[in-house]
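Observations on the three-dimensional arrangement
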Amino acid sequence: SPPPPPSPPPSPPEQPRGMSIGSGLSTHHCSGIRLLDADAIHAAAARRQALGIAFGKAACMQALRPGSKVLAAGCPSLAHLDLRGANLSHATLDGVDLTGTMLDCAQLEGATLHNTHAEGASFTGANMAGVRATDFTFERADLTFVDLSRAELRASVNPTVAVIGHLSRANLTGASLADATLEGFEDSQDVVLDFANLHRALLSKCVLTRPSLRGTRLVASRLHHTELIGAVASPTTLLAGTMMTDVGLASCNFEGVELSGARMLRVSISDTSLRGATFDTAPLDLDLTATEATSLPRTPPRI
């Protein structure tokens, strides 16, 4: 009998459809998630409706496009929907409920999320560069490996309500916040910023309680009128060239942290360990209280 025909050569691997995040997320994470068009979102919503999960009017489907005004199109809630890979770049999501929504690997570049509730939402690997958000809630949100470079994230104090907008228990591990602004977060607890990149970022008027800063890059960042309470860093945490003005560090563990070139003006440090931290001759204006700081350079007199 004739020999069997040779096997066809293996097909080349499919190119990843996801994006590559500059903060270190590989394309592999998003390779199985395709950008969704309106028809795909409509089909996904129909399946969810069959399971008894309401989605809203058909007009809402058409709103999920780049540059769209989602709330104005009659879509006040996207809560608990699977919108992984959706393209909502430059969309207006102001006032939309994103509680528990899955937006992994979504395109949200340049979008606005003012007064948006995203408690427990998942944005893993999403492109949120240049996002603007005021008075939003990202409590317990998964923002791992998200690109938030150049983002403007602000919380304000409403006269009739307590602090609006916080990042409590949000996970920003590996996220990129280069050149981002975080302002006014006065009651954010247990934020995880491990291995996040905050190069040239601005933290202003923030009170972060028990933030995790293991391996965080704060090179050339600015901390202004900000308090870190119970922060935990690691020897891989970089604050080289950081400018700290009117900053409080209380009960923090900054052992082995890189602080070369840091400038500290009116910085209060209490019950904080700086053992093994690396300093140089940068100007320091510190108020040290019960602080273990064996490797600090001589503090110049206050002027």
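These numbers come from a predicted model, not from an experiment.

1. Let's talk about the packing of aromatic side chains
Enumeration over the complete set of coordinates arrives at three aromatic pairs. Considering the side-chain rings of Phe123 and Phe138, the 5.5 Å spacing of their centres and the 35° angle between planes classify their relative orientation as tilted. Separated by 15 residues along the polypeptide, Phe123 in the loop between α3 (58-63) and β1 (132-134) and Phe138 in the loop between β1 and β2 (152-154) bring together distant segments of the chain. Residue classification places Phe123 among the buried positions, given a relative accessible area of 0%. Note on Phe138: relative accessible area 2%, which makes it buried. An aromatic cluster is built from Phe123, Phe136, Phe138 and Phe185, whose rings are joined through pairwise contacts.

2. Re empty space enclosed by the protein
Under the defined criterion, the tally for this structure stands at four cavities of 30 Å³ or more. Taken as a whole, the largest cavity holds about 60 Å³ of empty space. What lines the largest cavity is Leu193, Leu198, Leu203, Leu208, Leu213, Thr216, Leu218, Leu223 and Leu228. Looking at side-chain class alone, the lining of the largest cavity contains eight nonpolar, one polar and no charged residues. Here the second largest cavity is characterised by a volume of approximately 50 Å³. Lining of the second largest cavity is provided by Leu167, Leu182, Phe185, Ser188, Val191, Leu193 and Leu208.

3. Some details on the pattern of salt bridges
Opposite charge on two side chains permits pairing when their charged atoms draw close. In this structure the tally under the stated criterion is 10 salt bridges. Across the pair Asp82 and Arg84 runs a salt bridge whose closest N-O atoms are separated by 2.8 Å. Taking relative accessible area as the criterion, Arg84 reaches 32% and is therefore assigned partly exposed. Residue Asp246 is joined to Arg266 by a salt bridge in which the shortest nitrogen-to-oxygen separation is 2.7 Å. Residue Asp246 is found in strand β13 (residues 243-250), and its partner Arg266 is found in strand β14 (residues 263-270); the two are separated by 20 residues along the sequence.

4. Quick word on the environment of Asp135
Within the fold, Asp135 resides in the loop between β1 and β2. Expressed as a C-alpha distance, the spacing of Asp135 and His117, which sit 18 residues apart in the sequence, is 8.9 Å.

5. Description of the side chain of Glu139
In this structure, Glu139 sits in the loop between β1 and β2. Residue Glu139 is classed as buried on the basis of its relative accessible area, which comes to 13%. Here the side chain of Glu139 touches Arg169 through a polar contact of 2.4 Å, side chain to side chain. Those residues in contact with Glu139, other than ones at most four positions away along the chain, are Ala118, Glu119, Gly120, His166, Ser168 and Arg169.

6. Section: unusual backbone geometry
With a phi angle near 60°, Arg140 is a residue other than glycine that sits in the positive phi range. Considering the arrangement of structural elements, one finds Arg140 in the loop between β1 and β2. Looking at Arg140, the relative accessible area reads 45%, which means it is partly exposed. At Ser251, a position not held by glycine, the phi torsion is positive, near 55°. For Ser251, the location among the structural elements is in the loop between β13 and β14. Its relative accessible area of 44% is what places Ser251 among the partly exposed residues.

So, how was this worked out
- Residues numbered from 1 in each chain as written.
- Predicted model: local features only at pLDDT ≥ 70, side-chain atom pairs only at ≥ 80, totals over all residues.
- Heavy atoms only, no water.
- Phe/Tyr/Trp six-rings, centres within 6.5 Å; stacked < 30°, edge-to-face > 60°.
- Helix = DSSP H or I, 4+ residues; strand = E, 2+ residues; numbered from the N terminus.
- Buried < 20%, exposed > 50% of the residue type's maximum accessible area, 1.4 Å probe, protein only.
- 1 Å grid on protein atoms, 1.4 Å probe; cavity = no way out; pocket = protein on both sides within 12 Å on 5 of 7 lines; lining within 4 Å.
- Points joined across faces, edges and corners; volume = space filled by probe spheres on them.
- Nonpolar A, V, L, I, M, F, W, Y, C, P; charged D, E, K, R; others polar.
- Salt bridge = Lys/Arg side-chain N within 4 Å of Asp/Glu carboxyl O.
- Polar contact = N/O pair within 3.5 Å; in protein donor to acceptor, adjacent residues only side chain to side chain.
- Contact = heavy atoms within 4.5 Å.

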